[in-house]
Structure formats: structure tokens, C-alpha cells
Amino acid sequence: MTIEFNNVTPAPLAGVISSTTDIWQCTCAFEAAKRYRVVAPSGKGKSTFIHYIYGLRFDFTGKVRLNGVESSHFHANEWAEIRQDKISIVYQDLRLFLQLTALQNIQVKSALYPGNFDDRIHAMAEALQVSHLLNNKAHTLSYGERQRIAIIRSLIQPFEWILLDEPFSHLDLENSKRAATLIDSAVRERNAGLIVTSLGQDNQFNYDKEYQL
Ligand SMILES: Nc1ncnc2c1ncn2[C@@H]1O[C@H](COP(=O)(O)OP(=O)(O)OP(=O)(O)O)[C@@H](O)[C@H]1O
């Protein structure tokens, strides 16, 4: 699936768009199976950009196209299919259910797919050193621990793209490396593309291209 932005102006940013942006009010494409880093300081629209690709917001002029189809043309059931099979996400604000356990948060996703995911979930939890937290309620976890649970949840499903909105913001270097290794192997396994937003410091993946926002 290709993702294209054509002359997109987000309503909240109209009038304050930087002349150095490669995305807003420009034409830019994200090619299947490539790896992109989107860099910007706080408030320049990283989460807005991610939400536009994922079809959560449409408060923009211009066009966002997925495989040549304007994102505003998809019906709710088509978005459900896209999110189930084609695009996975780690939200900046994670969006875990805080009253469920870490494991239940992951199972909310895995229950959508056939098969038994227990071994896979436990292997990923082991790799990210959160096995001992799986039965704890999400609201008791630190933000960095929640970030690792949200990453595991995002890697359960099939995808052609994974969108990672500042995924390592609360992880130390060692934990960031472990998470990046896990994401990298899931992306390779699926021959998928990856878009990471970052304030600038992240260099965890071998990116094909960087865009400034
Ligand atoms: N739903 C919305 N309605 C109105 N304004 C919004 C909305 N969402 C974001 N904004 C504004 O748009 C700008 C970009 O917000 P966004 O969250 O996309 O930035 P960001 O680059 O992800 O920032 P950060 O690095 O701080 O998370 C901000 O000025 C924000 O206040």
C-alpha cells in the first residue's frame, strides 16, 4: 500500500506552517515496505499526521491517499478492514484500557484473529522484560511499561504499515533497543513499511528516508 499526501493543510496549523516542511502543503509519498522517520519539534503536527493516515481525523484540506484512494472516501467498514489487516499503530498516548490488565489489553487485539496467541504474547513480553507485569492492571504500570505493552499489542496483528508515534519517548536506551529489535523483526516478517515520528533523537531503525514536518 502506498500512502500519499498532496497539498495537505491541517486546519489547526493553517497559517503557521513552516517553510521547511516536507509534508504539509507538499506532495510526498510513502512507498510500500520502506522505512520513514518523520521529525519535528513539539506541536508541529506529528500526531495529527499519524491520525490522518489512520483515518481518525479529517480536519484538513488537500488529499491523503491510500493506494490511490482518497482517505475521506472510505466507509467505516473499510476503515475497520484497513485497521485490522493493513495498518497497525502505536499511539503517542497509547490508548490502553487502564482498568484491564496488560495481558487483557493485548488480548483485546488478538481476539480479533484466529489462532492461539499465548506463546507469541509471552515471548514478546519476555523480550521486552514485561512478563512479570502481564497480570497487573494497566493503570498501575509506569508509562514506559505501558509503552512496551502497547508495542506488543501493535505487533500481534497482520499489517502492511506500522505507525509509531514517538514510541520510545519513555524508554531508556536499552529498552528502546530491545523494542526496536522486536519491531524490526515483525516488520521484516511481514515485508511491511514503517513510519516513526520523532522529536529528533531516535535512530533505532535503518531508515530509507527522513521527512521534516
Ligand atoms: N483536534 C484538534 N483540534 C484543534 N487543534 C488541534 C487538534 N489536534 C492538535 N491540534 C493542534 O495542532 C498542533 C499539532 O498538534 P500535534 O499533537 O499533532 O503535534 P505533535 O507534533 O504531535 O506534538 P508533540 O510532539 O508535543 O506531541 C498543536 O498546536 C495542537 O494544539
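Residues numbered from 1 in each chain as written. Predicted model: local features only at pLDDT ≥ 70, side-chain atom pairs only at ≥ 80, totals over all residues. Heavy atoms only, no water.

- By the naming in an unreviewed UniProt entry, the protein goes by ABC transporter and is assigned to Pseudochryseolinea flava.

Focus: the nonpolar core
At step 1: Core analysis: the largest hydrophobic core is formed by 39 residues, its most contacted members being Ile-149, Ile-151, Leu-155, Phe-168, Ile-183, Leu-194 and Phe-205.
At step 2: Secondary structure elements with two or more residues in this core: helix H3 (102–110), helix H4 (118–127), helix H5 (143–155), strand S7 (161–165), helix H6 (173–190) and strand S8 (193–198).
At step 3: Sequence-distant contacts of Ile-151, defined by excluding residues within four places in its chain, comprise Val-90, Leu-128, Pro-167, Phe-168, Ala-179 and Ile-183.
At step 4: One finds Phe-30, Tyr-52, Leu-66 and Phe-74 within the second-largest nonpolar core, a separate group that totals 32 residues. (Core = buried A, V, L, I, M, F, W, Y, C linked by side-chain atoms within 4.5 Å. Buried < 20%, exposed > 50% of the residue type's maximum accessible area, 1.4 Å probe, protein only. Helix = DSSP H or I, 4+ residues; strand = E, 2+ residues; numbered from the N terminus. Contact = heavy atoms within 4.5 Å.)

A short note on the sheet that holds strand S9 (residues 209–212)
At step 1: Read across the open sheet, the 5 strands follow the order S6-S7-S8-S3-S9; overall the sheet is parallel. Since the sheet does not close on itself, it has two edges, and those belong to strand S6 (87–90) and S9, each with one partner. Each adjacent strand pair in this sheet contributes to an overall mean axis angle of 15 degrees, direction not counted.
At step 2: Where strand S3 (residues 35–39) lies against S8, 5 bridges are found, and the strand directions are parallel. In the sheet register, Val-39 faces S8, and the bridge partner there is Ser-198.
At step 3: Taken strand by strand, H5 contacts S6 and S7, and its axis lies near 175 degrees from that of S6. (Pairing = 2+ DSSP bridges. Axes fitted to C-alpha atoms, helices over the stretch in contact; angles between N-to-C directions.)

Quick word on the site of the ligand
At step 1: In the neighbourhood of the ligand, 14 residues make up the surrounding shell, with Ser-42, Gly-43, Lys-46, Ser-47 and Thr-48 lying closest.
At step 2: Ser-42 has a polar side-chain atom sitting 2.6 Å from an oxygen atom of the ligand.
At step 3: Residue Gln-92 places a side-chain N or O atom 3.0 Å away from an oxygen atom belonging to the ligand.
At step 4: For the ligand, the accessible surface in isolation is 640 Å², of which the surrounding protein chains cover 57%.
At step 5: When its residues are assigned to classes, the shell around the ligand shows 4 nonpolar, 6 polar and 4 charged. (Near = heavy atom within 4 Å. Polar contact = N/O pair within 3.5 Å; in protein donor to acceptor, adjacent residues only side chain to side chain. Areas by Shrake-Rupley, 256 points an atom, 1.4 Å probe, with all protein chains shown as cover. Nonpolar A, V, L, I, M, F, W, Y, C, P; charged D, E, K, R; others polar.)

Description of the side chain of Arg-37
At step 1: Assignment of secondary structure puts Arg-37 in strand S3.
At step 2: There is a polar contact of 2.5 Å between the side chain of Arg-37 and the side chain of Glu-210.
At step 3: Setting aside chain neighbours within four positions, we find Arg-37 in contact with Val-196, Ser-198, Gly-200, Asp-202, Asn-203, Tyr-207, Lys-209, Glu-210 and Tyr-211.

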